[in-house]
Amino acid sequence: MTRILNYLKPYWYLITAALVLVFFQSMAELYLPTLMADIVDTGIVNGDVNYIISVGIKMLLVALGGAFSAVMATFFSSRASMGLGKTLREEIFKHVEGFSINEFDSFGAASLITRTTNDVTQIQMVTMMSLRMVATAPIMAIGGIIMALSRAPSISWIFLVVIPVIALVMVIVSRISVPLFGSIQKKIDTLNRVLRENLTGVRVIRAFNRVDYENKRFNKANLDLTNTAIRVNRLMAGLMPIIMFIFNMTTIAIIWFGSVRIDRGIIQVGDLMAFIQYATLIMSSVMMISMIFIMYPRASASAERINEVLDTTPEIIDPVRPQIPAEIKGVVEFRDVTFRYPGAEEPVLSNITFGAEPGKTTAIIGSTGAGKTTLLNLIMRFYDAEKGSILIDGVDIREIPQDVLRSNIGYVPQRSTLFTGTIADNIRYGKDDATDDEVRHAASIAQALDFIEEMDDKFDTIISEGGTNVSGGQKQRLCIARAIIRRPKIYIFDDSFSALDFKTDARLRHALHKETKNATVIMVAQRVATIMDADQIVVLDEGRIVGIGTHKELYKNCDVYRDIVLSQLSEEEVVL
Ligand code: DCP
Ligand code: MG
């Protein structure tokens, strides 16, 4: 929590202003009962109308001043705490941007979202309330006691009874509520996760008639959260009548013992009235102080969760002394690379050694789960190899700054991802400053021009969230255009032609061939026809290379390759 509060520093002037105003407000509230006592004891008792009016006006001004300070204090403290919220969200977002894939996997998207939104809101709320209470409560409590003592010392012993009672009630309440608050945050995480899965998987849910099942799943998570929240609120609601009861009993006690003393002439009526008001002030401030103790654990649970994110150092970081190859030509080399996913027992890739050169196409083929995508991810440095090294133009990729490395790669992922925006925006994602001609050119190579031209708004057609208004093959071609527009030295296609029909696939590869004359092309494919004419084919089987060569060579020497080929083509189609 202290670490989080550091982010409040830039708002010190707002906080100071809020605290000063809160001080004024407290002073006003402490002063009012005294003025009232004066009116009663001096004005009314003596029947002095002028005195009543003049003190009355004074009361009015003090009350107005107090109210104004209160409003302004709220204004400043809101600003400061909302500012804190903004800074925190910014920090979390910035930090998460630097995460490597491992860290994303370990938190999970739903939890990262809750932490950036709900947890920050909790802190924001508590900061705002504390800014008001932390200053008010002690001033009012101490000031109230002093004023009460000065008015009617003979009945002040009542506080010795009441304050411990209130404190005890609050301690009991906090004991019960604090663990509940902690579990509420976790339950919000769960709810978010279920909701996200529901929203992204809506088509599958419909197709498999799982709406009822999903409804139940959501209701369960929702109910769970609701029940916990209700328990907390029931507790808080129960607290109010108890506190009111204590307040009222105190008032009765004050009047009871006070009236006797008024009778005996020890204190005056006005004093008693003021005393009652001071008692209320003191009791409310004791309550406020305890509220802070109740709320603090909730905020600190949230702070803990935020700190977890901020404390996670990305596993993949830029080198301290980066090396950038003098001229990036695009020679990719794997040297005895072994890799396993965090927590996995078996490596996904073992002893991978091969090279890919500019101007040549290297194809990677293998059954599903062979580790093809993983291998490409290693080139992008989404993960670091466990053993061995990957070099680009002779430099280990761990020595190259990530942005330099990635800006030289045109990557088309296996799962096409588009962003909300126009088609042109999506293609430009590969190169911010691309001209319209460049966008058009990239689209034409990716064989996307035909369907873009047919759309109503052409390049300005809006892609909806998740790219649902384009077909799978269209999406794939837009992703290819996005990679092409960068004119990178290294192209990486992860099964990027799978959704295209054979004709489009062939046309695209033909156009691409001209475009990528000097670039290194690494392409993963399932279809033999797609890779048959590659300069070099790497055959992966369960994470190991079982053959490298051309189609012809492999067909002769590599059993795994021949099996794949024969499962797709008839003997006559196998051009050798
Ligand atoms: N794997 C894993 N954790 C991940 C990703 C994959 O444990 N975050 C495992 C699942 C597979 C193996 O790694 O057993 C290889 O996965 P790949 O995605 O690399 O497999 P391919 O790309 O070869 O398969 P496909 O042809 O289906 O795309
Ligand atoms: Mg794959």
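Calculation criteria
- Starting afresh in each chain, residues are numbered from 1 along the sequence in its written order.
- A letter from A marks each chain and a number from 1 marks each ligand, given out in the order of writing.
- Per-residue local features of the predicted model are confined to residues with pLDDT of at least 70, and side-chain atom pairs are confined, for both listing and counting, to 80 or more; whole-chain, interface and lining totals are unaffected and use all residues.
- With hydrogens and water set aside, each side-chain value is computed from the structure's full complement of heavy atoms.
- The split of the chain into domains comes from an automatic or database domain assignment.
- Residue contacts are counted whenever heavy atoms from the two residues lie within 4.5 Å of one another.
- A quick way to say it: buried area is the sum, across both parts, of accessible area lost when two parts are put together, with a 1.4 Å probe.
- Whenever Lys or Arg places a side-chain nitrogen within 4 Å of a carboxyl oxygen from Asp or Glu, that contact is recorded as a salt bridge.
- In protein, a polar contact means a hydrogen-donor-capable atom and an acceptor-capable atom, both N or O and within 3.5 Å, with residues adjacent in sequence counting only if both atoms are side-chain atoms; elsewhere, any N or O pair within 3.5 Å suffices.
- Numbering of helices and strands runs from the N terminus; a helix is a DSSP stretch of H or I covering at least four residues, while a strand is a stretch of E covering at least two.
- The classification used treats Ala, Val, Leu, Ile, Met, Phe, Trp, Tyr, Cys and Pro as nonpolar, Asp, Glu, Lys and Arg as charged, and all other residues, Gly among them, as polar.
- Residue exposure (1.4 Å probe, protein chains only): buried if accessible area is under 20% of the type maximum, exposed if over 50%, otherwise partly exposed.
- The patches reported here contain residues having more than 30% relative accessible area and no salt bridge. Joining distances are 9 Å for like charges and 5 Å for nonpolar side chains (Val, Leu, Ile, Met, Phe, Trp, Tyr).
- Note that accessible areas follow from Shrake-Rupley with a 1.4 Å probe, and for residues the cover is restricted to the protein chains shown.
- Strands pair, by our definition, only if DSSP identifies at least two bridges between them.
- When charges are counted, Lys and Arg are positive and Asp and Glu negative, with His and the chain ends excluded.
- Note on charges: their place is set at NZ of Lys, CZ of Arg, CG of Asp or CD of Glu.
- With axes taken as lines fitted to C-alpha atoms, and helix axes fitted only over the stretch in contact, angles between N-to-C directions fall between 0 and 180 degrees.
- Only a single heavy atom is needed: when it lies within 4 Å of a molecule or strand, its residue is near that molecule or strand.
- Think of the donor list as every N, O and S atom within 2.8 Å of the metal, or within 3.2 Å for Na, K and Ca; water never makes the list, so a site can look incomplete.
- The definition of a right-handed crossover adopted here requires that, viewed with the strands pointing away, the path from the first strand over the helix to the second runs clockwise.
- Put simply, a nonpolar core is a bunch of buried Ala, Val, Leu, Ile, Met, Phe, Trp, Tyr and Cys residues held in one set by side-chain atoms that sit within 4.5 Å of each other.
- A pair of Phe, Tyr and Trp rings is counted when the ring centres sit within 6.5 Å of each other, with Trp represented by its six-membered ring. The angle between the planes then sorts it: under 30 degrees is stacked, over 60 is edge-to-face, the rest tilted.

Focus: the domain arrangement of the protein
Step number 1: Structurally, the protein comprises domain 1 (2-311) and domain 2 (332-568).
Step number 2: Taking the mean C-alpha position of each, domain 1 and domain 2 sit 56 Å from one another.
Step number 3: Tallying the contact residues gives five residues for domain 1 and four residues for domain 2.
Step number 4: Contact with domain 2 buries area across many residues of domain 1, yet Ile101, Asn102 and Arg203 alone supply 87% of it, more than any other trio.
Step number 5: For the pair domain 1 and domain 2, the interface holds zero salt bridges.
Step number 6: For the interface between domain 1 and domain 2, the tally reads zero residue pairs in polar contact (both at pLDDT 80 or more).
Step number 7: Of the residues forming the side of domain 1 that touches domain 2, the biggest block, three residues, is contributed by helix 4 (residues 101-107).
Step number 8: Tallied by class, residues from the side of domain 1 that touches domain 2 come to one nonpolar, two polar and two charged.

Concerning the environment of tyrosine 278
Step number 1: As for its placement among the helices and strands, tyrosine 278 is situated in helix 9 (residues 269-311).
Step number 2: Exposure remark for tyrosine 278: the relative accessible area of 0% places this residue in the buried category.
Step number 3: Spatially, the C-alpha atoms of tyrosine 278 and glutamate 465 are 59 Å apart, while their sequence positions differ by 187 residues.
Step number 4: Excluding anything up to four places from it in sequence, tyrosine 278 contacts Leu30, Pro33, Thr34, Gly144, Met147, Ala148 and Arg151.

Focus: a nonpolar patch on the surface
Step number 1: Residues Val49, Ile53, Ile57, Leu60, Leu61 and Leu64 make up a contiguous nonpolar surface patch of about 620 Å² in total accessible area.
Step number 2: Position of leucine 60 relative to the elements: it lies in helix 3 (residues 49-97).

So, the pattern of salt bridges
Step number 1: By the definition in use, this model includes 25 salt bridges.
Step number 2: Where arginine 3 meets aspartate 311, a salt bridge forms, and the shortest distance between an N and an O atom there is 2.7 Å. Pair noted here: arginine 3 is in helix 1 (residues 2-5) and aspartate 311 is in helix 9, with a separation of 308 residues, a long-range link.
Step number 3: Among the residues examined, arginine 3 registers a relative accessible area of 31% and is labelled partly exposed.
Step number 4: With a shortest N-O distance of 3.1 Å, glutamate 453 and arginine 440 are connected by a salt bridge. Placement of the pair is glutamate 453 in helix 14 (residues 449-454) and arginine 440 in helix 13 (residues 436-445), with a sequence separation of 13 residues.
Step number 5: If you follow the salt bridges from partner to partner, you end up with Asp505, Arg509, Arg527 and Asp533 in one network.

Here we look at the pairing of strand 3 (residues 361-366)
Step number 1: Most of strand 3 is tucked away, with six of its six residues classed as buried.
Step number 2: On strand 3, burial covers both faces: Thr361, Ala363 and Ile365 on one face and Thr362, Ile364 and Gly366 on the other are all buried.
Step number 3: In this sheet, strand 10 (residues 520-524) lies alongside strand 3 in parallel orientation, the contact comprising four bridges. Within the sheet, the bridge partner assigned to isoleucine 364 lies in strand 10 and is valine 524.

With respect to a negative patch on the surface
Step number 1: Residues Asp425, Asp456, Asp457 and Asp460 make up a contiguous surface patch of negative charge.
Step number 2: Relative to the helices and strands, aspartate 425 resides in helix 12 (residues 423-428).

Here's the deal with the sheet that holds strand 11 (residues 536-541)
Step number 1: Ordered in space as 6-9-10-3-11-12, the six strands form an open sheet in which the pairing is mixed. One side of each edge strand has no neighbouring strand; the edge strands of this open sheet are strand 6 (409-412) and strand 12 (544-549). Ignoring which end each strand starts from, the neighbouring axes of this sheet average 15 degrees apart.
Step number 2: Across the sheet, helix 15 (residues 472-484) lies against strand 6 and strand 9 (490-494), angled at about 175 degrees from strand 6, the strand it touches most.

As for the side chain of aspartate 396
Step number 1: For aspartate 396, the position within the fold is in strand 5 (residues 395-396).
Step number 2: Note on aspartate 396: relative accessible area 18%, which makes it buried.

Section: the site of ligand 1
Step number 1: Around ligand 1 lies a shell formed by Tyr341, Val348, Thr368, Gly369, Ala370, Gly371, Lys372, Thr373, Thr374, Gln414 and Gln526.
Step number 2: One of the backbone nitrogen or oxygen atoms of glycine 369 is found 2.9 Å away from an oxygen atom of ligand 1.
Step number 3: For ligand 1, whose free accessible area comes to 600 Å², the fraction covered by protein is 61%.
Step number 4: A breakdown of the residues in the shell around ligand 1 according to their chemical character gives three nonpolar, seven polar and one charged.

Quick notes on the coordination of the magnesium ion (ligand 2)
Step number 1: Those donors, Thr373 (OG1) and Gln414 (OE1), are the protein atoms that reach the magnesium ion (ligand 2), and they lie 1.8 to 2.2 Å from it. Of this pair, threonine 373 sits in helix 10 (residues 372-379) while glutamine 414 sits in the loop between strand 6 and strand 7 (421-422); the two residues are 41 residues apart in sequence, bridging distant segments of the chain.

Some words on the sheet that holds strand 5
Step number 1: With antiparallel pairing, the four strands of this open sheet are ordered in space as 2-1-4-5. A strand with exactly one partner marks an edge of an open sheet, and here the two such strands are strand 2 (349-356) and strand 5.
Step number 2: Pairing between strand 1 (residues 332-339) and strand 2: five bridges, direction antiparallel. Bridge pairing in strand 2 places glutamate 333 opposite glycine 355.
Step number 3: Sheet strands in contact with helix 10 are strand 1, strand 2 and strand 4 (387-392), and its direction is about 120 degrees off that of strand 1.

So, the pairing of strand 10
Step number 1: Of all five residues that make up strand 10, five are buried, and the element is covered over most of its length.
Step number 2: Residues Thr520, Ile522 and Val524 of strand 10 are buried on one face, and the alternating residues Val521 and Met523, pointing to the opposite face, are buried as well.
Step number 3: Looking at chain direction, strand 9 and strand 10 are connected through five bridges and run parallel. Counted as the bridge partner of isoleucine 490 is threonine 520 from strand 10.
Step number 4: Between strand 9 and its parallel partner strand 10, the chain crosses via helix 16 (residues 502-515), and the hand of that crossover is right-handed.

Here's the deal with the nonpolar core
Step number 1: If you look at the biggest cluster of nonpolar residues, it comprises 51 residues, and the most contacted ones within it are Ile427, Phe459, Leu478, Phe493, Ile537 and Tyr561.
Step number 2: For this core, the leading source of residues is helix 15, giving six residues.
Step number 3: When neighbours within four sequence positions are excluded, phenylalanine 493 is seen to be in contact with Leu376, Val412, Ile480, Leu512, Val521, Ile522, Met523 and Val524.
Step number 4: Grouped together as the second largest cluster of nonpolar side chains are 47 residues, Ala152, Val194, Ala279 and Met283 included.

Some words on the packing of aromatic side chains
Step number 1: For the coordinates displayed, the defined rule picks out 15 aromatic pairs.
Step number 2: Where phenylalanine 382 meets tyrosine 411, the ring centres are 6.0 Å apart and the plane angle is 75 degrees; that geometry is what we call edge-to-face. Taken as a pair, phenylalanine 382 in the loop between helix 10 and strand 4 and tyrosine 411 in strand 6 lie far apart in primary sequence, 29 residues in all.
Step number 3: Pairing phenylalanine 419 with tyrosine 429 gives two aromatic rings, centres 4.5 Å apart and planes at 15 degrees, and the pair type is stacked. Here the residue phenylalanine 419 occupies a position in the loop between strand 6 and strand 7, and tyrosine 429 occupies one in the loop between helix 12 and helix 13, the gap between them amounting to ten residues.
Step number 4: Here a set of aromatic residues connected by ring pairs shows up, and it is made of Phe99, Phe104 and Phe107.

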